[in-house]
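As a plain string of letters, each chain reads:
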Amino acid sequence: MREAVLFFFIVVAGTAGELSVSRAMKGVGEVHDFRPKSILRFVLQSFRLPWMWVGIALMSLAFFSLLAILSFRQVSFVVPVSALSYAAGAFGAKLFLGERISRNRWIGIAIVCLGVTIVWWTRG
Amino acid sequence: MTRIRRLQLKTIPLILISIILGPLGNVFLGKGMKSIGSVTSARIIDLLPIASRVLTSGYIWLGIVCLLGFFVAHMLLLTWADYSYVQPATSLSYLSIAILSYLVLGEMISPLRWLGVTVICVGVLLVGRTSPSTSEAPEHA
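These remarks concern the structure in this document. The model shown is predicted, which means the values in this text are computed figures rather than measured ones. (Residues numbered from 1 in each chain as written. Chains lettered and ligands numbered in written order. Predicted model: local features only at pLDDT ≥ 70, side-chain atom pairs only at ≥ 80, totals over all residues. Heavy atoms only, no water.)

### Observations concerning the interface of chain B and chain A
Moving on, step 1. Taken together, the 61 residues of chain B in the interface contact 60 residues of chain A.
Moving on, step 2. Roughly 4900 Å² is buried in total at the junction of chain B and chain A, and carbon and sulfur atoms are behind 67% of that figure.
Moving on, step 3. One can count zero salt bridges joining chain B with chain A.
Moving on, step 4. Among the secondary structure elements, those contributing two or more residues to the side of chain B that touches chain A are helix H1 (3–36), helix H3 (58–78), helix H4 (83–90), helix H5 (93–105) and helix H6 (111–128) of chain B.
Moving on, step 5. Ranked by residue count, the leading element in the side of chain B that touches chain A is H6 of chain B, at twelve residues.
Moving on, step 6. Across the side of chain B that touches chain A, the residue classes break down as 35 nonpolar, 19 polar and seven charged. (Contact = heavy atoms within 4.5 Å. Buried area = accessible area lost by both parts, 1.4 Å probe. Salt bridge = Lys/Arg side-chain N within 4 Å of Asp/Glu carboxyl O. Helix = DSSP H or I, 4+ residues; strand = E, 2+ residues; numbered from the N terminus. Nonpolar A, V, L, I, M, F, W, Y, C, P; charged D, E, K, R; others polar.)

In structure tokens, the structure reads:
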């Protein structure tokens, strides 16, 4: 039960956090310049966007859940299972960012979910 | 040079950086948390001493630095590539997480787990072979 709650936070809060960050980044616009000064300006600019902070809060929750679960489970178990965020990410990107998800991409996501299921069997 | 080709030229190196830094960060976090001990309670009074040990662990900070590097690379990618492309593409890291867990942490990985991780990577490769940007550029907010 404790494990399921922690995985829920890692997958759902983590994905929602990344979607929020992605939404903020599209507001900043495409990056063309990779000099350190430009990157710093880009980072500071992104921190002015509310969606960035929503994303950071959600990703923090996911991060502390990850730390808690890593205290009693193997890294090679926890990280692959958290790949469930693929399915969550695709649904979220479709619903909240209006991205089109192609049929091939859905097939890939289904295969990822199959892999997660196999890793889950090695829970031990 | 076509737009797609130009996007791939800057997308692929950043994805490679992500694939190395992200898993390395998780491996260090795992090493740090295993030395701190199992977190079995959700009560604040029990979590406070654990939190102070987490904050003073060198491995945890090393992991955080790796993950910050990963995060910056990831944010740069998200300014031009769609989230539903970036997330799957960078997640070839599932193969490197298994290799690094075995090499650095000495985790015994059963054949079934290797199979599961490989299946995840096959799914990832299939997803990664689509165009980096599928939505129209949004109007500036």
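Back to the text.
### Quick notes on the nonpolar core
Moving on, step 1. Formed by 41 residues in total, the largest nonpolar core has its most connected members in Met33 and Ile120 of chain B.
Moving on, step 2. What Ile120 of chain B contacts, discounting residues up to four positions off in sequence, is Pro80, Ala83, Val112, Gly115, Val116 and Val119 of chain A together with Tyr94 of chain B. (Core = buried A, V, L, I, M, F, W, Y, C linked by side-chain atoms within 4.5 Å. Buried < 20%, exposed > 50% of the residue type's maximum accessible area, 1.4 Å probe, protein only.)

### Observations regarding the side chain of Lys10 of chain B
Moving on, step 1. Mapped onto the fold, Lys10 of chain B is located in helix H1.
Moving on, step 2. Among residues more than four places away in sequence, those in contact with Lys10 of chain B are Glu30, Val31, His32 and Phe34 of chain A together with Trp80 of chain B.

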